[in-house]
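Below are the chains, spelled out letter by letter.
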There are 2 protein chains.
Amino acid sequence: MRTVSGAVPSRPRLRADARRNSEQIRSAAIGAFQGRGLTVPLEEVAEAAGVSKATIFNRFGGRVGLIEAVIEEVVASELFAVIDHTRTIEDVGERITYYLTAIRDLQYRQPAVNDVLLQVYPHSRQLMEICRVGSEANDELVAAARESGVLRPEFTAGDLHALVVENALALKHGTRPARDDYDRRTGYLLDGIRGHRPPAGNR
Amino acid sequence: MRTVSGAVPSRPRLRADARRNSEQIRSAAIGAFQGRGLTVPLEEVAEAAGVSKATIFNRFGGRVGLIEAVIEEVVASELFAVIDHTRTIEDVGERITYYLTAIRDLQYRQPAVNDVLLQVYPHSRQLMEICRVGSEANDELVAAARESGVLRPEFTAGDLHALVVENALALKHGTRPARDDYDRRTGYLLDGIRGHRPPAGNR
DNA sequence: GGTAAGCTGACTCGTAGAGTCAACTTTCGA
DNA sequence: TCGAAAGTTGACTCTACGAGTCAGCTTACC
């Protein structure tokens, strides 16, 4: 299993209350980030954890530290699972369909994914690394797809990237559509970027 | 444009300097709104007009008043021209293509259009009216297009609306793409929403 | 029970632009 | 020409929000 975190340097032992608080903050953060994205006020995380905001600073150094302590659970594991699974799909057309559908599903369900993709915290190496891995997956996918003629020949990796980023912006700044509307629009997108080869029975 | 005639109460006549300033502010506002959208700082408009910010408040009452004094030139005329021209196109497929292309062109060239579509100033009756007219044009277009089978049967007016609004969000909050990339993506969009069975007479 | 680790309430800070107003300047008609 | 109303403006306040800080108190641990 791929992770973004390196080895955590073994720290001097924390006092029991500090350890307990760290754990409470972590799980409050996971909940808050999943529900409201990475930009949720730290006050809110603190309240959910039953500690004061200052304790978050004591334990995690600030928002970026906190994000990095939980990003694996909140974003990276699911995102990488999608990417990894994409690579196992033989048929390139299906691979595109799966990838775009799964990414858009993730974007809809996990606002935090959009914050990562939009690089809201560009100072976090970990978050940037997640982006980089995502971009690579994009490039790889588009290269394979174009080679096999499944996508329109003029479709670029930049186009796929823009598709995903624009969706992130729409979800972050707009009103979230009903799920079935959203999914139907995913279908339009897919049809718009596919090559016009296969003559019979769409899909 | 309708005006309530006769009901100009006390002070029809401005002093010469005030009239001059009003004109300078108006043209500075047109330039600024066209270049930077309706949310440009008033300070900037004032500077371009060679007056102080307070003078804008004296003459126009604030941002909304200023916007309403120039929205015709900045947004409404072009937008309505697109809508009117759309209605003159016989072929429904061409009508869709023209409309979406022209609206997206306008969104790209005039950031202010996006501020109107996103209802950034919902207290302005004039701006809301422009939105309403746009929405009606959308509905009308989708109704005609679906009837003739030019669009996928499941495509709704809400889908078209979402398409336009999401593009507005992307342009407002994201980095503006190169023009040729943008236009190519307009093409994908159009292909994604068109019906798959060619409607009768080919094109 | 000494003490260092840890916690927190209350604070400052930063941002960024809207909107206000007392004091000054300009216009204009008599 | 002059007085007074109209108009302008620099400098101010206000708002909103949350990040980040720290002195002084509390707690865990030996």
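It should be emphasised that the depicted structure is a prediction, and the values quoted were computed from it without experimental measurement.

Time to look at the overall build of chain A. Looking only at helices and strands, chain A features 9 helices and 0 strands. Mapped from its N terminus to its C terminus, chain A presents α and β elements in the order α-α-α-α-α-α-α-α-α. Expressed along its principal axes, the backbone C-alpha trace of chain A runs to roughly 65 × 35 × 25 Å. In chain A, the proportion of contacts linking residues at least 24 apart, taken out of those at least 6 apart, comes to 72%. Put simply, chain A shows about 10,400 Å² of open surface, and 52% of that area lies on carbon and sulfur atoms. Within chain A, one finds 27 positive and 27 negative side-chain charges whose respective centroids are separated by 5 Å.

Residues and elements named next belong to chain B. Interhelical geometry of helix H5 (residues 92-109) versus helix H8 (residues 157-173) gives an angle of 20° and a closest axis separation of 10 Å. The pairing of H5 with H8 is recorded here as roughly parallel in orientation. For the element pair H5 and H8, the recorded crossing hand is right-handed. Across from Tyr99, Leu100, Ile103, Arg104, Gln107 and Tyr108 in H5, the residues of H8 making contact are Leu160, Leu163, Val164, Asn167, Ala168 and Leu171.

A:Arg15, A:Asn21, A:Thr55, B:Lys53 and B:Arg63 are the nearest of the 21 residues found near DNA strand C. Counting only atoms of DNA strand C within 4 Å of the protein, the fraction found in sugar and phosphate groups is 64%. Take A:Arg15: an N or O atom from its side chain is 2.2 Å from a base nitrogen of DNA strand C. One of the side-chain N or O atoms of A:Thr55 is found 2.5 Å from a phosphate oxygen in DNA strand C. Looking at the surface near DNA strand C, the elements with two or more residues in it are helix H1 (16-36) and helix H3 (53-60) of chain A together with helix H1 (16-36) and helix H3 (53-60) of chain B. Residue contributions to the surface near DNA strand C peak at 4 residues, all from H3(A).

It is worth spelling out the UniProt feature "domain: HTH tetR-type" (unreviewed entry) in chain A at this point. UniProt records the feature "domain: HTH tetR-type" (unreviewed entry) for residues 19-78 of chain A in the present numbering. When the span residues 19-78 of chain A is considered, its composition is 83% helix and 0% strand, and the gap between its end C-alpha atoms is 27 Å.

To continue, consider the pattern of salt bridges. Residues and elements named next belong to chain B. Within the structure shown, the criterion is met by 39 salt bridges over all chains. Its salt-bridge partner being Asp181, residue Arg184 comes within 3.0 Å of it at the nearest N-O pair. Note that Arg184 and Asp181 are positioned in helix H9 (residues 179-193) at a spacing of 3 residues, about one turn of the helix. By relative accessible area, Asp181 is classed as partly exposed at 23%.

In this structure, A:Phe33, A:Leu38, A:Leu66, B:Phe33, B:Leu38 and B:Leu66 are the most contacted members of the largest nonpolar core, which totals 109 residues. No other element matches the 11 residues that helix H4 (residues 63-88) of chain A contributes to this core. Not counting residues within four places of it along the chain, the set of residues in contact with A:Phe33 comprises A:Leu38, A:Val40, A:Arg63, A:Leu66, A:Ile67, A:Val70, A:Val74 and A:Ala112.

Another aspect to go through is the environment of B:Ile25. All names here are of chain B. In this fold, Ile25 is placed in helix H1. Overall, the relative accessible area of 0% leaves Ile25 in the buried class. In sequence terms Ile25 and Ile56 are 31 residues apart; their C-alpha atoms lie 7.2 Å from each other. Those residues in contact with Ile25 that lie beyond four places of it in its chain are Val45, Ala49, Val51, Thr55, Ile56, Arg59, Phe60 and Leu66.

Bringing the protein's contact with DNA strand D into the picture now. As a matter of local geometry, DNA strand D sits amid 22 residues, with A:Lys53, A:Arg63, B:Arg15, B:Asn21 and B:Thr55 nearest to it. Taking all atoms of DNA strand D within 4 Å of the protein, the share assigned to sugar and phosphate is 65%. Within the backbone of B:Ser52, a nitrogen or oxygen atom sits 3.0 Å from a phosphate oxygen of DNA strand D. B:Arg59 is positioned such that a nitrogen or oxygen atom in its side chain is 3.1 Å from a phosphate oxygen of DNA strand D. For the surface near DNA strand D, the elements supplying multiple residues, two or more each, are H1 and H3 of chain A together with H1 and H3 of chain B. Taken together, the residues that form the surface near DNA strand D break down as 9 nonpolar, 4 polar and 9 charged.

Okay, the packing of aromatic side chains next. The relative placement of two aromatic rings is captured by the distance of their centres and the angle of their planes. All chains considered together, the criterion is met by 4 aromatic pairs over all chains. Aromatic pair A:Tyr108 and A:Tyr182: ring centres 4.7 Å apart, planes at 45°, arrangement tilted. Note that A:Tyr108 is positioned in helix H5 (residues 92-109) and A:Tyr182 in helix H9 (residues 179-193), a separation of 74 residues in sequence. An angle of 45° between the planes, with centres 5.3 Å apart, marks the rings of A:Phe155 and B:Tyr188 as tilted. Highlighted residues: A:Phe155 in the loop between helix H7 (125-147) and helix H8 (157-173) and B:Tyr188 in helix H9, drawn from two different chains.

Parameters and conventions
Residues numbered from 1 in each chain as written. Chains lettered and ligands numbered in written order. Predicted model: local features only at pLDDT ≥ 70, side-chain atom pairs only at ≥ 80, totals over all residues. Heavy atoms only, no water. Helix = DSSP H or I, 4+ residues; strand = E, 2+ residues; numbered from the N terminus. Contact = heavy atoms within 4.5 Å. Areas by Shrake-Rupley, 256 points an atom, 1.4 Å probe, with all protein chains shown as cover. Lys, Arg positive; Asp, Glu negative; His and termini not counted. Charge placed at Lys NZ, Arg CZ, Asp CG, Glu CD. Axes fitted to C-alpha atoms, helices over the stretch in contact; angles between N-to-C directions. Parallel < 35°, antiparallel > 145°, perpendicular 65-115°, else oblique. Left-handed = near helix turned anticlockwise from the far one by under 90°. Near = heavy atom within 4 Å. Polar contact = N/O pair within 3.5 Å; in protein donor to acceptor, adjacent residues only side chain to side chain. UniProt positions renumbered as here; feature names shortened; annotations may be inferred. Salt bridge = Lys/Arg side-chain N within 4 Å of Asp/Glu carboxyl O. Buried < 20%, exposed > 50% of the residue type's maximum accessible area, 1.4 Å probe, protein only. Core = buried A, V, L, I, M, F, W, Y, C linked by side-chain atoms within 4.5 Å. Nonpolar A, V, L, I, M, F, W, Y, C, P; charged D, E, K, R; others polar. Phe/Tyr/Trp six-rings, centres within 6.5 Å; stacked < 30°, edge-to-face > 60°.

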